[in-house]
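If you want the building blocks of each chain, they are given just below.
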Amino acid sequence: MDGNGRWAQSQGLSRAQGHQAGAEATIKIVEEATRLGIEYTTLYAFSSENWSRPRTEVNGLMGLLSSTLKKYLHNLTDNGVRLHVIGRFSELPQKTQKAFQDAMDRTAHNTGRHLVLALNYGSRLEVLDAAQRYAQEVAAGTASSKDLSWDVFSQYLYTTSMPDPDLIIRTSGEVRLSNFLMLQAAYAELYFTDTPWPAFSPEEFRKAIAHFQNKQRRFGKTGEQIQQEALVESLKA
Ligand code: IPE
Ligand code: MG
């Protein structure tokens, strides 16, 4: 979700107002994702690098995260959405941790839909945390390095038990992943748009999804193999 600051500047508003408008856009997109039946929606709300912003902006963002969550929580419970947080949770301010922990507990029984917030998230941190936990388990004898596979190692990532993303959307003209789900994105379709996040509409969201639906995903196979598999599947059906 990029471009809150640039959008605000283009409107003669403050960065804080840009983040506020970004939060409102987020709610609309999450509602649209629920309507469309998307099982997992992940939002890159605060990266492990965002701490280097001015302290007032960081505090403002933390406040906005909690207040938006408070306003919106009933919507998650009403729609059966389970909230998750990925990232180094324990380094977030106590108040932020408490607000999100409460919301995760209150939605923990929901199974069909998932809203994942990346907070204090970075892929490199995630890999370091996973490797550290794995090494501890090997040292303790509860894991064995002999059978290390991606299926095993990926269970140590923050995204344990979540499917890999199918589609990653980045707004505001930047064409990079910026340390977001780098390993999980191995086969994801990437969609880049110049629209800044506060102006990213449910309509443009549907356009991005339509673009994804028109792609043939091959996972390293040839086009012929994929066609063959589709034929076999259609004969089975
Ligand atoms: C995204 O907008 C919001 C967060 C990172 C939380 P930016 O704040 O990065 O907006 P620009 O890049 O300055 O336009
Ligand atoms: Mg930015």
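Below is a short write-up of the structure. (Residues numbered from 1 in each chain as written. Chains lettered and ligands numbered in written order. Predicted model: local features only at pLDDT ≥ 70, side-chain atom pairs only at ≥ 80, totals over all residues. Heavy atoms only, no water.)

**Some thoughts on the overall build of the protein**
As a reminder of what qualifies: Numbering of helices and strands starts at the N terminus; helices are DSSP runs of H or I of at least 4 residues and strands are runs of E of at least 2. When a residue's accessible area, from a 1.4 Å probe over protein chains only, is under 20% of the maximum for its type it is buried; when over 50% it is exposed; and in between it is partly exposed. We call two residues contacting when some pair of their heavy atoms lies within 4.5 Å.
Secondary structure summary: the protein contains 8 helices and 5 strands in total. In the protein, the succession of α and β elements from N to C terminus is α-α-β-α-β-α-β-α-α-β-β-α-α. Its C-alpha atoms give the protein principal-axis dimensions of roughly 55 × 50 × 35 Å. Taking all 237 residues of the protein together, 43% fall into the buried category. Restricting to contacts in the protein with at least 6 residues of sequence separation, those with at least 24 account for 69%.

**Some thoughts on the site of ligand 1**
Formally: Here a residue counts as near a molecule or strand whenever at least one of its heavy atoms sits within 4 Å of it. Throughout this description, a polar contact denotes any pair of N or O atoms lying within 3.5 Å of each other; where both atoms belong to protein, one of them has to be capable of donating a hydrogen while the other can accept it, and for residues adjacent in sequence the pair is counted only when both atoms sit in side chains. Areas reported here follow the Shrake-Rupley algorithm with a probe of radius 1.4 Å; residue values treat only the protein chains shown as occluding. Throughout, the ten residues Ala, Val, Leu, Ile, Met, Phe, Trp, Tyr, Cys and Pro are labelled nonpolar, Asp, Glu, Lys and Arg are labelled charged, and all others, Gly among them, are labelled polar.
Around ligand 1, a shell composed of Met-1, Asp-2, Gly-3, Asn-4, Gly-5, Arg-6, Arg-15, His-19, Ala-45, Asn-50, Arg-53 and Leu-61 is seen. For ligand 1, an oxygen atom lies 3.4 Å from a polar atom in the backbone of Gly-3. Relative to its unbound accessible area of 380 Å², ligand 1 is 86% covered by the protein chains. Elements that contribute at least two residues to the shell around ligand 1 include exactly α1 (4–10) and α2 (15–36). Looking at the shell around ligand 1 residue by residue, the classes come out as 3 nonpolar, 5 polar and 4 charged.

**Some remarks on the pairing of strand β2 (residues 81–86)**
Using the following cut-off: Call a crossover right-handed when, viewed with both strands pointing away from you, the route from the first strand across the helix to the second goes clockwise.
The buried fraction of β2 is high, at 5 of 6 residues. Chirality of the crossover, the property in question, places the unit of β2, helix α4 (residues 94–106) and strand β3 (residues 113–121) among those that are left-handed.

**Section: the pattern of salt bridges**
We apply this condition: We define a salt bridge as a contact between a side-chain nitrogen of Lys or Arg and a carboxyl oxygen of Asp or Glu at a distance within 4 Å.
Inspection of every chain in the model, using the stated rule, returns 13 salt bridges. Ionic pairing is found between Arg-206 and Glu-32, a salt bridge with its closest N-O pair at 2.9 Å. Here Glu-32 lies in helix α2 and Arg-206 lies in helix α7 (residues 202–213), a separation of 174 residues in the sequence. For Arg-206, a relative accessible area of 39% translates into the label partly exposed. Accessibility expressed as a relative area gives 4% for Glu-32, which makes it buried. Linked through salt bridges whose partners overlap, the residues forming this network are Asp-2, Arg-6, Arg-170 and Glu-174.

**Observations regarding empty space enclosed by the protein**
Regions of empty space are outlined by a rolling probe, equal in size to a water molecule, passed over the atoms. As a reminder of what qualifies: The pocket and cavity definitions rest on a 1 Å grid over protein atoms only: a 1.4 Å probe that fits but cannot leave marks a cavity, an open set with protein on both sides within 12 Å along at least five of seven lines marks a pocket, and residues lining either have an atom within 4 Å of a point. Grid points are joined across faces, edges and corners, and a volume is the space filled by probe spheres set on the points.
Under the criterion given, the structure shown has 1 cavity of 30 Å³ or more. Taken as a whole, the largest cavity encloses approximately 70 Å³ of empty space. Contributing to the lining of the largest cavity are Val-30, Ala-33, Thr-34, Ile-38, Glu-39, Thr-41, Leu-76, Val-81, Arg-113, His-114 and Leu-115. Every element with two or more residues in the lining of the largest cavity is listed here: α2 and β3. Considered class by class, the residues forming the lining of the largest cavity number 6 nonpolar, 3 polar and 2 charged.

**So, the sheet that holds β2**
Rules: Pairing between two strands requires that DSSP report at least two bridges joining them. What counts as an axis is a line fitted to C-alpha atoms, over the stretch in contact for a helix, and the angles between N-to-C directions run from 0 to 180 degrees.
Taken together, the 3 strands give an open sheet; going across it, the order is β1-β3-β2, and neighbouring strands pair in parallel fashion. With one partner strand each, in any of the chains shown, β1 (40–47) and β2 form the two edges of the open sheet. Neighbour to neighbour, the strand axes of the sheet diverge by 20 degrees on average, direction disregarded. Together, β1, β2 and β3 form the strand contacts of helix α3 (residues 55–78), whose direction differs from that of β1 by roughly 160 degrees. In the packing of α4 onto the sheet, the strands contacted are β2 and β3, and the crossing angle to β2 comes to about 140 degrees.

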